[in-house]
Amino acid sequence: MIKIKKLHHSAYRCKDTYQTKKFYVNFLGLKLTKAFIIDATKTNRKTKVLHSFYSLNDGSAIAFFEDPSSPFKFIKQRDFDLHIAFEVNFKDLISFFEKGKKLGIETRGISDHGFIKSIYFRDPNGYIIELTTPSIKSPKQSERDLKKVLEEWDSTKPSKVY
């Protein structure tokens, strides 16, 4: 059986690589580990895109494409629509919360979700970035409990609008 080992990277569009780098390197402390220009697609279509990668301590990365010649609607995402969550320890959670407020970065939290505590920022591209720390007291959900929650949701969810 083939098994997925881990997340290698997750990639998003960005408005400006320098502003994105400022947030992810200078504010969050990630390391820019790879950047390259893509001049042609795999189908030999000419393009001009910068692809950059910011590494996390576990070896995974968050990556961005800057593609100024191709339209993309950047919108301020809602937490429920899209957010990117990184794990930190509780001491660092507090430190980032204070740092974000001090620097005038949109900062929300601290939210206690029972199994994690989280704070939220908005990056220069409009994406919500969550920093989270696991709660010690939260037990894992059993397969039976997970199934029950999903069945309850499916039988009581609101009507779809899309």
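Note that the structure is a prediction, hence the values are computed from the model and not measured. (Residues numbered from 1 in each chain as written. Predicted model: local features only at pLDDT ≥ 70, side-chain atom pairs only at ≥ 80, totals over all residues. Heavy atoms only, no water.)

Student: Give a description of the sheet that holds strand β6 (residues 107-112) that names residues and reports values.
Tutor: Read across the open sheet, the four strands follow the order β5-β8-β7-β6; overall the sheet is mixed. Where the open sheet ends on each side, the last strands, each with one partner, are β5 (83-87) and β6. Pairwise comparison of adjacent strand axes, ignoring direction, gives a mean angle of 20 degrees for this sheet. Note: β5 against strand β8 (residues 128-134), five bridges, orientation parallel. Residue pairing across strands places isoleucine 84 opposite isoleucine 129, the latter belonging to β8. Strands in contact with helix α1 (residues 17-27) are β5, β7 (116-122) and β8; relative to β7, the strand with the most contacts, it is inclined by about 145 degrees. Against the sheet, helix α2 (residues 90-103) engages β6, β7 and β8, with an angle of about 25 degrees to β7. (Pairing = 2+ DSSP bridges. Helix = DSSP H or I, 4+ residues; strand = E, 2+ residues; numbered from the N terminus. Axes fitted to C-alpha atoms, helices over the stretch in contact; angles between N-to-C directions. Contact = heavy atoms within 4.5 Å.)

Student: Give me the lowdown on the side chain of serine 118, citing residues and values where you can.
Tutor: As for its position among the elements, serine 118 is in strand β7. Residues within four places of serine 118 in sequence aside, it is in contact with Leu93, Gly109, Ile110, Ser111, His113, Glu130, Leu131 and Thr132.

Student: Explain the packing of aromatic side chains to me, and be specific about the residues and the numbers.
Tutor: Throughout the structure, instances matching the rule amount to 11 aromatic pairs. Aromatic side chains tyrosine 24 and phenylalanine 64 sit 5.0 Å apart centroid to centroid with 50 degrees between the ring planes, which places their arrangement in the tilted category. Within this pair, whereas tyrosine 24 is found in helix α1, its partner phenylalanine 64 is found in strand β4 (residues 61-66), the two being separated by 40 residues in sequence. For the pair shown, tyrosine 24 and phenylalanine 64 are each scored as buried. (Phe/Tyr/Trp six-rings, centres within 6.5 Å; stacked < 30°, edge-to-face > 60°. Buried < 20%, exposed > 50% of the residue type's maximum accessible area, 1.4 Å probe, protein only.)

Student: Go over unusual backbone geometry with me, naming the residues and quoting the values.
Tutor: Of note, the amide linkage connecting glycine 109 to isoleucine 110 takes the cis form, showing an omega dihedral of 5 degrees. Relative to the assigned elements, isoleucine 110 resides in strand β6. Positive phi values are uncommon outside glycine, yet asparagine 44 reaches one of about 65 degrees. Examined against the element boundaries, asparagine 44 turns out to sit in the loop between β2 (31-40) and β3 (46-55).

Student: Could you give me a rundown of the pattern of salt bridges, with the residues and numbers involved?
Tutor: Tallied over the entire structure, the rule returns five salt bridges. A salt bridge links arginine 122 to glutamate 106; the shortest N-O distance between them is 3.2 Å. You can see arginine 122 sitting in strand β7 and its partner glutamate 106 sitting in the loop between α2 and β6, a full 16 residues away along the chain. The class of arginine 122 is buried, set by a relative accessible area of 16%. (Salt bridge = Lys/Arg side-chain N within 4 Å of Asp/Glu carboxyl O.)

On their own, these measurements won't tell you what the molecule is for.
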